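Single-letter residue listing:
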Amino acid sequence: MLSEAQEAILEQIIEAFQNGKRLSDLPEVKGTNPYNLFCEVLDEDGESKKAALASLLPYLEDDCSYGVEFDITVSSPTCTRIGNTDLHKSLPVHSRMKGCLLDNDGNVVEYLNPTDWTGNVLNGTRGQVMVEIPAHFRKFETDGNKRRVRISELPLAGYHQVPKCYVSAYEATVERSTLTLASVKNTGADYRGGNNNAEWDGTYRSLLGMPATAISRTNFRNYARKRKATTTEWNCMTYDIQKALYWLFVVEYATLNSQAAYNPQLTAEGFRQGGLGAGVTTLNGTLWSTFNGYYPVIPCGTTDSLGNGTGEVLYTMPSEYDSSNEITVQVPRYRGVENPFGHIWQWTDGINVRISPTEANGGDELSKVYVCSDPSKFKDNGYDGYSHVGNEARTDGYVKQIIFGEYGEIMPQVVGGGSTTYHCDYHYTNIPTAETLRGVLFGGAAHDGAGAGFAYAYSSAAPSNTDASVGSRLCFLPA
């Protein structure tokens, strides 16, 4: 016979059993912070205990992340793949990058045909032609001379989030009637590229359908913000997005050399190999200057037949560029992003460099790099709201080391590399006689050859500077 107390306990057990729920019937958790989520675990003595989910995630890192490792003392740009090799084949973060049309409120109107965009309406009447970069998580590690970058779809311990964002598929142009930055494939006069020179319409120098240049970073920012004047979600190209694309490429191809020859074939293990090719960087500077004064030569949308893919499309220059030879260039595309480097330089926002003169001129001989991820604090006249992340190299040369640090800064820190060694991209700067705030251009232009690439940085221009070979991109950062 059970005692009265035992009967009461048995009744509680029966009630608990009857009120039990299947896992599928349980409510969803609120929030995804692994430090606030708990589960039951058994210790080595078999005792049931509570553990924060975050405390278990490090043991899963090699299963749930994929990335690369490189040694800063080794000249080869080839990286070693680390993490889950299956993820290096399926590329779960990369495979969620996709072309879309975005309205001015940042809503996706439609996702584009993943294999070929040429059948989609890309002239701006249905929205801006953008590439969606999915939210993901990223970690950078420094271990002696080793540098590691890992990415994951999960919020693993020690990883920081890269928020979902949108970058223009094309180098940006401007809707001239409203001075609004745009990403469209449109040969109408209202989207004339370059410096909006109408006198060239109908000639070999025509700027119709080309990206816009000869605009300051200040105005690129202002023109982008016109898409939704009540917020700071629309921007010209940002440093954070430049950095995101760079590391996505490096992890996918396991190389620091973005200009390595394009190779569509996978390795025997099923990995990507090669790079994006030389890009539009092989023009002769003298011929380009004579042809159209260094203004853009590649129409927006030249590579649309590749859809969301990566590859090259051959483009033949007009005969007036070189009457004695037929000149062709390979226009690159990286997962829907056309001309990620080369052709024209691109202004980037959210990065300012404080370049101090030499001690002889009263300076501290430092070029301090300041970055900002809050677009409401982007500015051209100071560093409030920006973080000092390291110091830029103060001489020209091929990049040997980047700042890297906790967040993977891609600004050059040490030069002394080469076009096929270390980071394989060039670096330009100059030292003023008085302290100066400089912006940063990335990518290179059509006559920069082997120096161009994802990490090709130029810090010799003030944000007010304009140039025929300098443009930008359009970005949307959801609030």
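Being a predicted model, the structure only gives us computed values, none of them experimental.

### Re the environment of lysine 146
And then number 1: Looking at the element boundaries, lysine 146 is found in strand E9 (residues 146–152).
And then number 2: Between the C-alpha atom of lysine 146 and that of leucine 91, which follows or precedes it by 55 residues, the distance is 23 Å.
And then number 3: Contact partners of lysine 146, with chain neighbours within four places excluded, come to Glu69, Phe70, Asp71 and Glu141.

### A short note on the confidence of the model for the chain
For any part of a model where pLDDT is low, the fine detail of the predicted coordinates should not be relied upon.
And then number 1: Across the chain, pLDDT averages 94, with 94% of residues at or above 70.
And then number 2: Averaged pLDDT values for the elements of the chain fall to 66 in helix H1 (residues 4–18) and rise to 99 in strand E13 (residues 180–182).

### Quick word on empty space enclosed by the protein
And then number 1: A complete count under the given rule lists one cavity of 30 Å³ or more for this structure.
And then number 2: Taken as a whole, the largest cavity spans an internal volume of roughly 40 Å³.
And then number 3: In terms of lining residues, the largest cavity is bounded by Phe70, Asp71, Ile72, Val74, Ser76, Leu256, Lys400, Tyr422 and His423.
And then number 4: A per-class count over the lining of the largest cavity returns five nonpolar, two polar and two charged.

### Description of the sheet that holds strand E8 (residues 136–143)
And then number 1: Pairing is antiparallel in the open sheet, where five strands are placed in the order E4-E3-E9-E8-E10. If you trace the sheet from one side to the other, it starts and ends with strand E4 (80–83) and strand E10 (160–162), each paired once. When the angles between neighbouring strand axes are averaged without regard to direction, this sheet yields 30 degrees.
And then number 2: Judged from the six bridges that link them, strand E3 (residues 66–71) and E9 form a sheet pairing that is antiparallel.

### So, the layout of surface pockets
Unoccupied space between atoms shows up once a probe the size of one water molecule is rolled over them.
And then number 1: Of the volumes computed, that of the largest pocket is approximately 490 Å³.
And then number 2: What lines the largest pocket is a set of 23 residues, and nearest its centre among them are Gln161, Pro163, Asp240, Cys372 and Ser373.
And then number 3: Elements with a minimum of two residues in the lining of the largest pocket: E10, helix H6 (239–253) and strand E22 (387–391).
And then number 4: Counted by class, the lining of the largest pocket contains 12 nonpolar, six polar and five charged residues.

### Considerations on the packing of aromatic side chains
And then number 1: All chains considered together, the criterion is met by 26 aromatic pairs.
And then number 2: On the numbers, 6.1 Å between centres and 90 degrees between planes, the contact of phenylalanine 70 with phenylalanine 404 is edge-to-face. Here phenylalanine 404 lies in strand E23 (residues 397–404) and phenylalanine 70 lies in strand E3, a separation of 334 residues in the sequence.
And then number 3: Among the residues examined, phenylalanine 404 registers a relative accessible area of 1% and is labelled buried.
And then number 4: Judged by centre distance (5.4 Å) and plane angle (50 degrees), the ring pair of tryptophan 345 and tyrosine 458 falls under tilted. Within this pair, whereas tryptophan 345 is found in strand E20 (residues 345–355), its partner tyrosine 458 is found in strand E27 (residues 453–458), the two being separated by 113 residues in sequence.

### Here we look at the nonpolar core
And then number 1: Ranked by internal contacts, the top residues of the largest apolar core, which has 59 residues, are Ile241, Trp247 and Met411.
And then number 2: A total of 10 residues in this core trace back to one element, the largest contributor, which is H6.
And then number 3: Excluding residues within four positions of it along the chain, methionine 411 makes contact with Tyr239, Ile351, Val353, Val369, Glu392, Ile402, Ile403, Val440, Phe442 and Ala457.
And then number 4: Counting 37 residues, the second largest nonpolar core, distinct from the first, contains Ile215, Ala224, Tyr321 and Val470.

About the criteria used
- Residues numbered from 1 in each chain as written.
- Predicted model: local features only at pLDDT ≥ 70, side-chain atom pairs only at ≥ 80, totals over all residues.
- Heavy atoms only, no water.
- Helix = DSSP H or I, 4+ residues; strand = E, 2+ residues; numbered from the N terminus.
- Contact = heavy atoms within 4.5 Å.
- pLDDT = per-residue confidence, 0-100.
- 1 Å grid on protein atoms, 1.4 Å probe; cavity = no way out; pocket = protein on both sides within 12 Å on 5 of 7 lines; lining within 4 Å.
- Points joined across faces, edges and corners; volume = space filled by probe spheres on them.
- Nonpolar A, V, L, I, M, F, W, Y, C, P; charged D, E, K, R; others polar.
- Pairing = 2+ DSSP bridges.
- Axes fitted to C-alpha atoms, helices over the stretch in contact; angles between N-to-C directions.
- Phe/Tyr/Trp six-rings, centres within 6.5 Å; stacked < 30°, edge-to-face > 60°.
- Buried < 20%, exposed > 50% of the residue type's maximum accessible area, 1.4 Å probe, protein only.
- Core = buried A, V, L, I, M, F, W, Y, C linked by side-chain atoms within 4.5 Å.

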